[in-house]
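Descriptive structure summary
What follows is the residue order along each chain.
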Amino acid sequence: MIRLILLVPFLLALILFAASNQEPSQMWFLTYSWSSSVGVLAVLTAFVGLLLGAFGVWVSELGQRRRARKAEARNKELEATVASQTAELERLQTQMRLAATTNAVPPTTTTITPIAPPSPSAV
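Residues numbered from 1 in each chain as written. Predicted model: local features only at pLDDT ≥ 70, side-chain atom pairs only at ≥ 80, totals over all residues. Heavy atoms only, no water.

As annotated in an unreviewed UniProt entry, the chain carries the name Lipopolysaccharide assembly protein A domain-containing protein and is attributed to Acetobacter aceti.

As for the packing of aromatic side chains
Quick note on the threshold: By convention, a stacked pair of Phe, Tyr or Trp rings (six-membered ring in the case of Trp) has centres within 6.5 Å and planes under 30 degrees apart, an edge-to-face pair has planes over 60 apart, and any other such pair is tilted. In this description a helix means any DSSP run of H or I spanning at least four residues, a strand means any run of E spanning at least two, and both kinds are numbered starting from the N terminus.
Using the criterion set out here, one finds 1 aromatic pair in the structure. A ring pair is formed by Phe-55 and Trp-58, whose centres lie 6.0 Å apart and whose planes are at 35°; its orientation type is tilted. Of this pair, Phe-55 and Trp-58 both sit in helix α2 (residues 38-101), 3 residues apart, which is roughly one turn of the helix.

Remarks on the side chain of Ser-36
The test is simple: The criterion used for residue contact is that any of the two residues' heavy atoms lie within 4.5 Å.
Tracing the sequence through the fold places Ser-36 in strand β2 (residues 32-37). Ignoring sequence-local partners within four residues, the contact set of Ser-36 consists of Glu-23, Pro-24, Ser-25, Met-27 and Leu-41.

Considering the packing of helix α1 (residues 2-20) against α2
Using the following cut-off: Angles shown run from 0 to 180 degrees and are taken between the N-to-C directions of axes, each axis being a line fitted to C-alpha atoms and, for helices, limited to the stretch in contact. Roughly parallel means an angle under 35 degrees; roughly antiparallel, over 145; roughly perpendicular, 65 to 115; everything else is oblique. All amino acids are sorted into three groups, where Ala, Val, Leu, Ile, Met, Phe, Trp, Tyr, Cys and Pro are nonpolar, Asp, Glu, Lys and Arg are charged, and the leftover types, Gly among them, are polar.
Between α1 and α2, whose axes approach to 8 Å, the crossing angle comes to 150°. Between α1 and α2, the angle falls in the class roughly antiparallel. Contacts between α1 and α2 involve Phe-10, Leu-14, Phe-17 and Ala-18 from the first element and Val-38, Gly-39, Ala-42, Val-43 and Ala-46 from the second. Split by residue class, the contact of α1 with α2 holds 8 nonpolar, 1 polar and no charged.

Section: the pairing of strand β1 (residues 24-29)
The following threshold applies: Note on pairing: two strands pair once DSSP finds at least 2 bridges between them.
For β1 and β2, the ladder comprises 6 bridges, and the chain directions are antiparallel. Across the sheet, the residue bridging to Pro-24 is Ser-37, located in β2. Remark: 2 residues form the turn of the hairpin made by β1 and β2, two consecutive strands paired antiparallel; Leu-30 in that turn has positive phi of roughly 55°.

Shown next, in the form of structure tokens:
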């Protein structure tokens, strides 16, 4: 909506300028010359500026689209990992429930004791 608020007055001013400047004038660019009205030159300049701006936005979005595709692929990978780990957790929980209901001896567990960091005096 804000684009329209900015674009409509600019286009109206450009159209009014082009309509009020219809006298042909001699235009020069280096060694090239042509006869055209100043209004037509203003419209062409605005159109070329629009095309250059659109091209600049398109180029800047290429990197963002590449990053978005990589992020989506990583997201799918992580969702698959979460799903497999959830399935493994549910499988282990059903095993534990089955073992508890049959009063079976649970498998032995190994405890890992953390290694204490070296004391500053030993260094």
